[in-house]
Structure formats: C-alpha cells, structure tokens
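Summary of the model geometry
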Amino acid sequence: EVKIIINGEKFRVSSKLNLLEACRKVGFDIAALCYHPALGPVGTCKCCVVDVKSEGSTNYKRACACATEVWNGMDIRTDSPQVREQLMSAIADLRKKQKNRSLIMKIAGNYDKRGDLSLERYIKKGESRLQSSKYQISEKVFDDETDSMLDLLIDRVSNRFIDQTNLAIQVDHTKCIDCTRCVNVCSNLQGMNVYSTISTSVYVDSLMPSLNTKGEFLSETMCISCGQCSLYCPSGAITEIDHTEKLEVIMKTKKKLVIVGIAPSSRLSLAEIFKLTPGSLTTGQCAHLLRLLGFNRVFDVQFTADLTIMEEGTELLHRINDPNSILPMFTSCCPGWINLVEKQYQNIIPHLSSCRSPQQMFGSIIKNYYAKKINIDPKDIFCVTVMPCTAKKKELLREQFRNPETGLRDVDLCLTVREVGRMVAKRGIEFSELEDREFDNPLGFSTGAAQLFAGSGGVMEAAVRSAYWLKFGEDFPALQYNAVRGLKGIKEAVLDFDGRQLRLAVVSGGKNIHKFLETWGTSSFNYDFIEIMACPGGCIGGGGQPRSNLDIVPIRLKSVYQREQKMTSRSSHDNPYVKKLYQDWLKKPYGEKAMMYLHTTYAP
Ligand code: HC1
Ligand code: SF4
C-alpha cells in the first residue's frame, strides 16, 4: 500500500494499481477512452490527464493516469486549470480525428439510436470535469471550412468507410479515434490479428481505412465475427450491424407472428444496461420485457439447449462406441468457433459435432414443428433470437439453415443484448420496475444444464450429465462437475466412463484456442470430447454483451452457478417438454428425423 493525496485529500491505495485505477477506486471517476481494465494502458487518447508531483517537489507535471504508477507521497490534482486545458485539447484532437460530423453532433448532445456509445458518456464526463458547455467545444474545433470539408469527405467515402461486408459487425472508420483497443483485443485476446497498424492519414483523397492499412474489407480478412472488438470499441466505430429497425418494421406491419427466443447468457447481462447490479439474473423480467416489446410468443433458447444436449450426448456415445467413428468430437454451438474451423482449421471439420446450435435448433423447431402444432404457415412466422453474440447474426444466414423446400430461413433475425437495450431505451420501458413473467410453452421450460451453457464449461458439464445418464441410466454423481468450471482458458479433465477414461478439454477465447490446437495432429493431442467457445469465458463474455468497465465475466459466471443450483430440474434429459417433443415428433435422439431437423454440415 502507498499513501497518496488526491485534490488535497489523503488516501491509501494498493501499490499494484495504476494511477487511473487508484483514482477510480477512491471515487474520482476519471474519463479514459483508450484504457480498459482488461486491456491495460495505451496512452493514446490523453483523456485521463492529471497533475502529479512527488513529496517535497514544487512543480506538478502533466501525466496520463493510466500509464503512471502510484508511489508513496504522490500528490495528484485531477481538476486544475492546466488539466482542464489539456483535457479540452485532447477531446478536440479526438473530435478532429473522427472527422465525422454526425458523431460530433451526437457528442454535442444529439443522441441518436446508438445512445449507448461509451464515447458519449465519457466525453460528457470529461466535459463536466471541464465545466464548459458541450457546444463551446465543438464550436471551437470546427469552423465552417472544416465542416464543409467533412461533408465532402463523408459523401465521397462513406461507402468505403462503413464496412458492413462482415454481415455481423460493422466498422465505421470515420468514427475511429485510434485508441488501438480493437488491435489489442483482436490480436492479444483472440489471436486473430485482423486489424493492422494504425494509419491516422484518413483524409479526403485517402480511401484507406484507418483500422486496416491493407485496405481490406472485413469479409476479406480472417475475421470470425466474434465481436470482441465491438465490445471494447469506445467510440462506436465497431458495432454489431443493427437490426432493430428491420424488426420494428416487421412488427408494425402485423402480418407475421413474431416469435422470440432468448439465449442462456442474455438474461444475465441485460440488467447491466439498466444499471441493475451486474450479474443480476432477470429471466422473468426478460420474459415480461420481450412481450412489452411486441413479440407475440416469448420462448427460451435454453429449451433447445436441452435438446442440443440430448442430441450431442447421444452423438458422443455413438462416436465412443463405434470403433470406426471419428474422435475427438468438438462442440459446434459457437458460431465464432465454426467460422474459425472453416477458415483456418479445415481438417477439424469431420470432428465437429453435427448438432446445430441451440439458436438454429430453435428456429428449426419453430418453423417445422411449432408452426404445424398451431396450424400456421411457417412463412407467416418471423423468428427472432436475443443473443450475447455477434456471430449468431451470420450463423442464421448459412444456407444449411434454410428449408430446402420452402426456401425459408429457420431464424430470421438475431439481436444482440445491446440492441435490445436500445429498443428498451427508445420505448422508455422501466426495466427495473418489471415484474417477473413466465415464458410461453412448449419452448419455455429448461433445466439447470441449459442455464450452464452461458459460461465456459457449461456445455461440457451438461453433456456429461446426460451422456452419463444415457449410458448408465442414472444421474451423474452429485451432478456438479467442478473440473470443467471456472474461467481458466484451457481446462482438462479425465472422466471414468465404464472403465474407459474419457479425456475432456474445455477451451475459450481465440488465443487459447490457437494455443490448444498447436499440438493438433500429433500423438500428444489425445482427447475424446472438447468444448470450444470463441469468446473468453464463453457466451457470458460474448461480443454482443453490454460493454462494461468492470471485470464483468467472473461476476456473470457466479450468477450462472447460483441460479443453476436453484433450478428444479438440472439435467437436460429431465426436461418434460423435450421428452414430449421426442414422443410427438422427433421419435429418438440422433434418429432420422432429428438428423434432418437438428443436425447440419460444414463447409467446404
Ligand atoms: Fe450461447 Fe448457445 S450457449 S452459443 O454461448 O449453445 O451466443 O448464451 O445462445 O445457440 O443455448 C451464445 C449463450 C447461446 C446457442 C445456447
Ligand atoms: Fe477480430 Fe473478432 Fe473483431 Fe473479427 S470480430 S476483427 S476476429 S475481434
């Protein structure tokens, strides 16, 4: 611990914190754009500027708090005239960089549909620190000449600069402030290296996007659409492709029955957008909310997570029992992972479980089973999911998920948790006041096993519970399988399965996946069943989750485990509606009908 003085007040803080974290910890909430607690200091935005002096010294020096250590006797001023001037000039520089008039207008107070951009929040904070009106700043930075040049720039290059080729995330290069968070995340967390070195020379005659000096569109890169970059981007330059307007049009025309299913981890994080305690599990409130938003049926993707386990557990047993089948088997529910395999690890394709993801099983059940059950033409159904994921937007577009006879897609549209947050804000719904409601049935009931899907290791644990039951006809001892729990990037376990030692592995986060697969193809890679999720921590750390300035994933995971323990049924094979679905329609797991509607193939 060290003793420091901030604005004349004395504090004790841990010597391990950087100055920015130390100030925040004791209540001085300093704005910072390039710094993120999970990524560390960068020092490019200069918004966290403070005055610093050592004990006994007479002169304060300007410093970026994120890149400054704390030391004993340190004296800090966060709000001196010099700091304000420096901050003002940092904000002006960022605005100049963005060269985007619409964003400048937003910063000046005209919020548009992307009201959750953290840049706006931060700039506002920065401005209150400055105690100057927002408008003065933009007046100071942009004169008429600059404005018309900006118009020209945006007109001429907007097609080039807003890259939507990826179909899941978009990059609006005009909003980039060169914070380098995306470069850091994509390379160091995900190991994908999509964004190359930053060029700040975006100007009228340069068509070079600042985030990619090679000038490639995202679709031409190795991008797997995981959306991690969109989770950390502070300026709104990288976001999911917004589908809320499209959905609103469909809802307004009232020509279709609009059905929604919510993913296991979405109910964990939605509360954060509305400033409820992080990690609050709001299943009942989500069901209520989705009805208020205008969905005609509100179902749970956890139902098809249970169904996935019945299929995947049975597939695993088949692969284990058949000496000619291919092992190890990899899970297939994470579309970021599937993208990675198809782009970079094609020889893993035969090892992927053929099970569709719960999102795609959901759409298939809705259009092929539920539609008949309620006697409605599937073309009159519009099927939506609420996901913590950006890659799911692209998954639903795969040709394999279009009915070959009708040409209809199983899932029509996927919203991220952030998009739902924007819809709620637009409608003025008071989320925290909502009472709990139940999901509709039959796709509304789920077990603890399905809730576990939200975190890394959850699919494995759920699959082990049911594979054990399928094999031995009794429950997995104590149900809970600690060996695959927690947030370690690579987890391994050995399970005694009737004398056979099943070697299991659970991996999450792109960089860990690359590391784990280093020995792929060698004799030391001798696993039987492997769960892989592209985002660190699994879906709770998904690229479509709310942005947070906390180390939020462990908080969300704890909440998953707590809720799971309280659920009445905890194994997928105990879901009575899943059982009924097999009785009524599918007949048996991994059977002919199940193969047709619940399984898939991969490219190439
Ligand atoms: Fe996931 Fe899944 S768990 S992939 O993380 O298998 O996105 O939450 O919905 O489909 O169920 C995501 C989460 C999600 C699917 C399920
Ligand atoms: Fe990299 Fe994922 Fe962003 Fe693609 S979506 S650029 S892989 S972080």
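A brief look at the structure comes next. Throughout, residues of each chain are indexed from 1 in the direction in which the sequence is written. Note on labels: chains are lettered from A, ligands numbered from 1, in written order. Restriction of local features to residues with pLDDT of at least 70 applies here, the model being predicted, together with a cutoff of 80 or more for giving and counting side-chain atom pairs; totals for whole chains, interfaces and linings are based on all residues. No hydrogens and no water enter the side-chain calculation; it runs on all heavy atoms of the structure.

1. A closer look at the site of ligand 1
Whether a residue is near a molecule or strand depends on its heavy atoms: it is near if one of them lies within 4 Å of it. Surrounding ligand 1, one finds 15 residues, the nearest of these being A263, S265, Q359, K392 and C539. For this analysis, a polar contact is any N or O atom pair within 3.5 Å, provided that within protein one partner can donate a hydrogen and the other can accept it, and provided that sequence-adjacent residues contribute only side-chain to side-chain pairs. Backbone polar atom of S265 to an oxygen atom of ligand 1: 2.8 Å apart, as the coordinates give it. K392 places a polar side-chain atom, nitrogen or oxygen, 2.7 Å from an oxygen atom of ligand 1. Comparing atom positions with the cavity grids shows ligand 1 to sit within the largest cavity. Working definition: helices are DSSP H or I runs of at least four residues, strands are E runs of at least two. Numbering for both runs from the N terminus. Looking at the shell around ligand 1, the elements that each hand over two or more residues are helix 12 (301–321) and helix 14 (358–373). Residues are grouped as follows: nonpolar covers Ala, Val, Leu, Ile, Met, Phe, Trp, Tyr, Cys and Pro; charged covers Asp, Glu, Lys and Arg; every other residue, Gly included, is treated as polar. The class makeup of the residues in the shell around ligand 1 is 11 nonpolar, three polar and one charged. The way it works is a 1 Å grid over only the protein atoms, where trapped points that fit a 1.4 Å probe form a cavity and open points with protein on both sides within 12 Å along at least five of seven lines form a pocket, and then any residue with an atom within 4 Å of a point lines it. For a molecule to be placed in a cavity or pocket, more than half of its atoms must lie within 2 Å of the grid points of that cavity or pocket.

2. Describing helix 9 (residues 244–253)
Here helix 9 has its buried residues at T244, L247, E248, I250 and M251. Along the long axis of helix 9, the arc covered by the buried residues comes to 160°, so they all point the same way. Away from its buried face, by an angle of more than 90 degrees, helix 9 presents the exposed residues V249 and K252. Pairs of residues are marked as contacts when any of their non-hydrogen atoms sit within 4.5 Å. Buried positions along helix 9 lie against strand 9 (257–262), strand 12 (381–387), strand 13 (413–416) and helix 16 (417–427). Residue K254 follows helix 9 closely and has a positive phi angle near 55°. Exposure is judged per residue with a 1.4 Å probe applied to protein chains only, and the accessible area is read against the type maximum: over 50% gives exposed, under 20% gives buried, and values in between give partly exposed. It is the directions from the helix axis to the C-beta atoms whose arc is reported.

3. Focus on the pairing of strand 5 (residues 74–77)
Both strand 1 (residues 2–6) and strand 5 contribute to a ladder of three bridges, which runs parallel. In the sheet register, I4 faces strand 5, and the bridge partner there is M74. Pairing between strands is defined by DSSP: at least two bridges between the two strands are required.

4. Here's the deal with the packing of aromatic side chains
Ring pairs shown here join Phe, Tyr and Trp side chains whose ring centres sit within 6.5 Å, with only the six-membered ring taken for Trp; geometry is labelled stacked below 30 degrees between planes, edge-to-face above 60, and tilted in between. For the coordinates displayed, the defined rule picks out 18 aromatic pairs. Here W520 and F525 contribute two aromatic rings whose centre-to-centre distance is 5.1 Å and whose plane-to-plane angle is 90°, an arrangement assigned as edge-to-face. Assessed through its relative accessible area of 18%, W520 is described here as buried. For F525, a relative accessible area of 8% translates into the label buried. Connected via pairs of aromatic rings, a cluster forms that spans F330, W337, F516, W520, F525 and Y527. A ring has a charge above it when a Lys NZ or an Arg CZ is no more than 6 Å from the ring centre and no more than 35 degrees off the ring normal. Sitting above the plane of the Y60 ring, R77 keeps its charged end 3.8 Å from the centroid. Positioned over the ring face of Y527 is R503, at 5.1 Å from the centre of the ring.

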